[in-house]
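# Analysis of the macromolecular model
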Amino acid sequence: MSDQETPVTAQAPALRPVRGAARCAVAALALAALAWVVRAVWHVRLARTGQPASGPPDQGGGVHRPLTALEDSYDRVSSVGGAVTLLCALAFLLWLDRVRDNARALSGAEPRYGSPWLFLGWIVPVVNLWIPRGIVADAHRSVFPDRRLPAVVNWWWALWLAGLAGGGGLIYADSTDGVIARAYTDVLPLLAADVVIVAAAGTAALMVRTLTTAQQQRMNETARPAA
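Residues numbered from 1 in each chain as written. Predicted model: local features only at pLDDT ≥ 70, side-chain atom pairs only at ≥ 80, totals over all residues. Heavy atoms only, no water.

### Concerning the overall build of the chain
Note the following rule: By definition, any uninterrupted DSSP run of H or I lasting at least four residues is a helix, any uninterrupted run of E lasting at least two residues is a strand, and each is numbered from the N terminus. For every residue, the accessible area (1.4 Å probe, protein chains only) is compared with the maximum for its type, and the residue is labelled buried under 20%, exposed over 50%, or partly exposed between those bounds. It only takes one pair of heavy atoms within 4.5 Å for two residues to be counted as in contact. Note on areas: Shrake-Rupley with a 1.4 Å probe; residue coverage comes only from the protein chains shown.
Looking only at helices and strands, one finds seven helices and two strands in the chain. Ordered by position from N to C terminus, the α and β elements of the chain give α-β-β-α-α-α-α-α-α. The buried share of the chain, taken over its 227 residues, is 41%. In the chain, the share of contacts with a sequence separation of at least 24, taken over all contacts with a separation of at least 6, comes to 75%. For the chain, the accessible area works out to roughly 12,700 Å², and carbon and sulfur atoms hold 61% of it.

Spelled out as structure tokens, the structure:
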């Protein structure tokens, strides 16, 4: 008597916990916003103190004068802000990766953008103007095709682009010495960029909570019949 072959059925991808990743992302975004508030305070302090008689830190021709105590403290504030930004980016990408995986499991549809774009979409010129938002929007729409995209997604992306277009915020166009010189001579654009980035971080946190709540509700609805 021959063994009977048992048919193999494909199993749906397992859903991944998303609430913990969302909490980490929100906390990291709040920390990044705080770091940029502190940076804005130092911009105001530099502007009120005024440029030393010796001129800007970068004297030109590769010559740099010693930093004052205030300038040196701003250099440390900037370094801490950079580290916080990196932490925030990692936490946000971890959350987005889980949301994408769950969206694929819930909808059965492959994402519009492959996994490499989860990282490359932020750094490749030109396409970084729309791919990150597209990844977020695709993850939500694939699960909720009958719903409008939450407005907070567009607000977040508009603020992010405004921060980049201003040449400030998370990615300054100048070196630290250049930013110090700008604070002495024209601080208002720096403060405007700081405000935009803080607003973008706050909106991103709200977006993370909104999309996570919606996806978690759908995951709960999917789990009830199985239970």
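There is more to say, and it comes next.
### Things to note about the packing of aromatic side chains
Applicable threshold: Centres within 6.5 Å make a pair out of two Phe, Tyr or Trp rings, where for Trp the six-membered ring is used; the pair is then stacked when the planes are under 30 degrees apart, edge-to-face when over 60, and tilted otherwise. The criterion for a charge sitting over a ring is simple: Lys NZ or Arg CZ within 6 Å of the ring centre, and within 35 degrees of the ring normal.
Counted by the stated rule, this structure contains seven aromatic pairs. Seen from their ring centres, Trp156 and Trp157 are 5.2 Å apart, and the 55 degrees between their planes marks the pair as tilted. Exposure remark for Trp156: the relative accessible area of 4% places this residue in the buried category. Its relative accessible area of 6% is what places Trp157 among the buried residues. Members of the aromatic cluster, connected to one another through ring pairs, are Phe92, Trp95, Trp122, Trp156, Trp157 and Trp160. In this arrangement the basic side chain of Arg39 is found over the ring face of Trp36, its NZ or CZ atom lying 4.6 Å from the centre.

### Comments concerning the nonpolar core
Quick note on the threshold: Put simply, buried Ala, Val, Leu, Ile, Met, Phe, Trp, Tyr and Cys residues joined by side-chain atoms within 4.5 Å make one nonpolar core.
Ranked by size, the top nonpolar core spans 44 residues in total, and within it Trp95, Val153, Trp156 and Met207 carry the most contacts. Contributing elements (two or more residues each) for this core: α1 (19-49), α2 (69-107), α4 (131-143), α5 (151-165) and α7 (187-226). Ignoring sequence-local partners within four residues, the contact set of Met207 consists of Phe92, Trp95, Val136, Val152, Val153 and Trp156. One finds Trp42, Val179, Ala183 and Leu190 within the second-largest nonpolar core, a separate group that totals 11 residues.

### What about α5?
For clarity, the cut-off: Expected helix span is given by 1.5 Å per residue-to-residue step, counting one fewer step than there are residues. Here, the arc refers to the directions that run from the helix axis to the C-beta atoms.
End to end, α5 covers 21 Å across 15 residues, agreeing with the expected 21 Å (1.5 Å per residue, within 8%). Residues of α5 that are buried include every one of Val152, Val153, Trp156, Trp157, Leu159, Trp160 and Gly163, and no others. One side of α5 carries all its buried residues, which in axial view fall inside an arc of 160 degrees. Pointing more than 90 degrees away from the buried face of α5 are the exposed residues Trp155 and Ala165.

### Considering the packing of α1 against helix α6 (residues 176-185)
Just so we agree on the cut-off: An axis is simply a line fitted to the C-alpha atoms; with a helix, the fit covers only the stretch in contact. Between two such axes, the angle follows the N-to-C directions and lies from 0 to 180 degrees. Note on terminology: angles under 35 degrees are roughly parallel, angles over 145 are roughly antiparallel, angles of 65 to 115 are roughly perpendicular, and the others are oblique. For a crossing to be left-handed, the near helix must be turned anticlockwise from the far one by less than a right angle; the clockwise case is right-handed.
Where α1 meets α6, the axes come as close as 7 Å, and the angle between the chain directions of the two elements is 60 degrees. Between α1 and α6, the interaxial angle falls into the category oblique. The handedness of the crossing between α1 and α6 is right-handed. Contact residues: His43, Leu46 and Ala47 in α1; Val179, Ile180, Ala183 and Tyr184 in α6.

### Considering a nonpolar patch on the surface
Put simply, the rule is: A patch is a set of surface residues, each over 30% in relative accessible area and not in a salt bridge, joined within 9 Å for like charges and within 5 Å for the nonpolar side chains Val, Leu, Ile, Met, Phe, Trp and Tyr. For this document, the term salt bridge refers to a Lys or Arg side-chain nitrogen within 4 Å of an Asp or Glu carboxyl oxygen.
A cluster of nonpolar side chains, Leu31, Leu34, Val37, Val38, Val41 and Leu87, forms an exposed patch at the surface whose accessible area comes to about 470 Å². Among the elements that line the nonpolar patch, the one with the most residues is α1, at five residues. Among the secondary structure elements, Val37 is positioned in helix α1.

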